[in-house]
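# Reading the structure
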Amino acid sequence: MLFDPRPKNRREEIFDRETELNSLGKGLREYPITVLIGIRRVGKSSLLRAVLNEFDGLGLYLDARRLYAAGGGTISPAVLVDEIRKILLGKGRFGFLGGIKLEGINLGGITLKPKETGIIDVFELLNSLGRKAGRAVIAFDEAQYLRFYGPRGGKDLLAGIAYAYDSLPNLGFVFTGSEVGLLHDFIGIDDYSSPLFGRVYEEVEVRPFHRELSEEFLRAGFKEVGMKVPEEEIKRAVDELDGIPGWLVELGFNYWKSGSFERAMERTVERAKSMIREELFELEKRSHRYSLVLRAIAIGLHRWKNIKDYVEAKSGPITNARLSALLKNLEKMGWIKKENGEYRIIDPLVERVLRD
Ligand SMILES: Nc1ncnc2c1ncn2[C@@H]1O[C@H](COP(=O)(O)OP(=O)(O)O)[C@@H](O)[C@H]1O
Ligand SMILES: [Mg+2]
């Protein structure tokens, strides 16, 4: 069902996105590394899960954000290896893994245990499973959180991935990220000090739906649940929510459940508020000025100087370098964009929540 608010798992549940699904599928089958980027709630996890479900090799889905949260702000090598072990055992329960029987944690004669960083061993194992299964792919959702892996900011993991890139032809990697700049920084393909510097990879970008497609999406969703919805409501919904599928789904679902457009809109904004509040809370941990900067932009202060005045009025002097760093980070994290020297909030609902 299109209006199911959970991430989708199958191609049939996904509206449009034929091109993205196909590029992602090709990435999984043919590239050592595939990167899937796009802002929050645009549909990355859904596309990734759908493609992994269709993948005829061995595909492992790992949510780096969840591992980070479960580890209280770090991802330990032992936890990551254990997670991979559990996924493999789960797949083993269904009998075969591309012809390989799994017995206990002894996988095809190779014992899975974290040795030193643990990573290369596990990648070697997956590579040999991949040889039999056609190919193995590890997909890290919200992979920018892997910078909290181990004691060296994820460098050990990257070194393992670089090793796999060079030496393990049956193992591929997918990274997704909402915080696009942070993900690029982490992978470091353009950074000559990174283990992955200069490697070739496939990049797939998921963008919000454009106007017509957003309207079509709502129409298709309402039709599916047997509702006739006036055109002006469809248009108003897209005016307020833009083409971000996560919000459109939220609205559609709430309308279907409550029968009232106004109430559905209110609930969607409420839900957005609580989700965004949680995200802001994470941001505040890094610096309390992030939300001040965002607020300044949301209330219409788009220029550097005005943002600076606002932040200083609220929390005292800030150096130019510090403010630049905050703005640059917000851009990297996908909260704002800079156009013709002006800063804008990317997601209109985020803007609205910040304004209230
Ligand atoms: N193309 C699509 N068709 C149907 N539902 C979608 C589509 N894209 C996203 N969604 C829905 O939007 C919400 C956010 O999607 P998700 O895959 O979690 O996004 P992301 O991982 O980019 O944050 C989910 O409820 C998902 O079901
Ligand atoms: Mg996601």
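One structure accompanies this document, and this report is about it. (Residues numbered from 1 in each chain as written. Chains lettered and ligands numbered in written order. Predicted model: local features only at pLDDT ≥ 70, side-chain atom pairs only at ≥ 80, totals over all residues.)

### Considerations on the overall build of the protein
- Tallying secondary structure elements over the protein gives 15 helices and eleven strands in all.
- The globule rule puts the C-alpha radius of gyration for 356 residues at 21 Å, and the 22 Å found for the protein is close to it.
- The 356 residues of the protein split such that 38% are buried.
- Pairs at least 24 apart in sequence give 69% of the contacts found in the protein among residues at least 6 apart. (Helix = DSSP H or I, 4+ residues; strand = E, 2+ residues; numbered from the N terminus. Rg over C-alpha atoms; globule rule 2.2 N^0.38 Å. Buried ≥ 20, exposed ≤ 12 C-beta atoms within 10 Å, placed from the backbone. Contact = placed C-beta atoms within 7 Å.)

### Structural notes on the pairing of strand β10 (residues 336–339)
- The pairing of β10 with strand β11 (residues 342–345) spans four bridges and is classified as antiparallel. From the neighbouring strand, Lys 337 faces β11, where its bridge partner is Arg 344.
- Joining the antiparallel neighbours β10 and β11 is a turn of two residues, in which Asn 340 adopts a positive phi near 45 degrees. (Pairing = 2+ DSSP bridges.)

### Here we look at the environment of Phe 140
- Tracing the sequence through the fold places Phe 140 in strand β7 (residues 136–141).
- Judged by the 26 C-beta atoms lying within 10 Å of it, Phe 140 falls in the buried class.
- A C-alpha to C-alpha distance of 27 Å links Phe 140 and Ile 345, two positions 205 residues apart in sequence.
- Sequence-distant contacts of Phe 140, that is, excluding residues within four places in its chain, are made with Leu 62, Ala 64, Leu 146, Val 174 and Phe 175.

### Observations regarding the sheet that holds strand β1 (residues 33–37)
- The strand order β2-β7-β8-β1-β9 describes an open sheet built from five strands, whose pairing is parallel. Strand pairing shows two members of the sheet lacking a second neighbour, β2 (58–63) and β9 (202–205), which therefore form its edges. When the angles between neighbouring strand axes are averaged without regard to direction, this sheet yields 15 degrees.
- Packed onto the sheet, helix α7 (residues 180–187) meets β1 and β8 (171–177) and runs at close to 145 degrees relative to β8. (Axes fitted to C-alpha atoms, helices over the stretch in contact; angles between N-to-C directions.)

### Topic: the site of ligand 1
- Near ligand 1 you find 22 residues, and of these Gly 43, Lys 44, Ser 45, Ser 46 and Pro 245 are the closest.
- When residues of the shell around ligand 1 are traced back to their parent elements, those giving at least two are α2 (44–54) and α10 (245–258).
- Across the shell around ligand 1, the residue classes break down as eight nonpolar, six polar and eight charged.
- The two domains that each donate at least three residues to the shell around ligand 1 are domain 1 (11–205) and domain 2 (211–355). (Near = placed C-beta within 6 Å. Nonpolar A, V, L, I, M, F, W, Y, C, P; charged D, E, K, R; others polar. Domains from an automatic or database assignment.)

Keep in mind that these numbers describe shape and distance, not what the molecule does.
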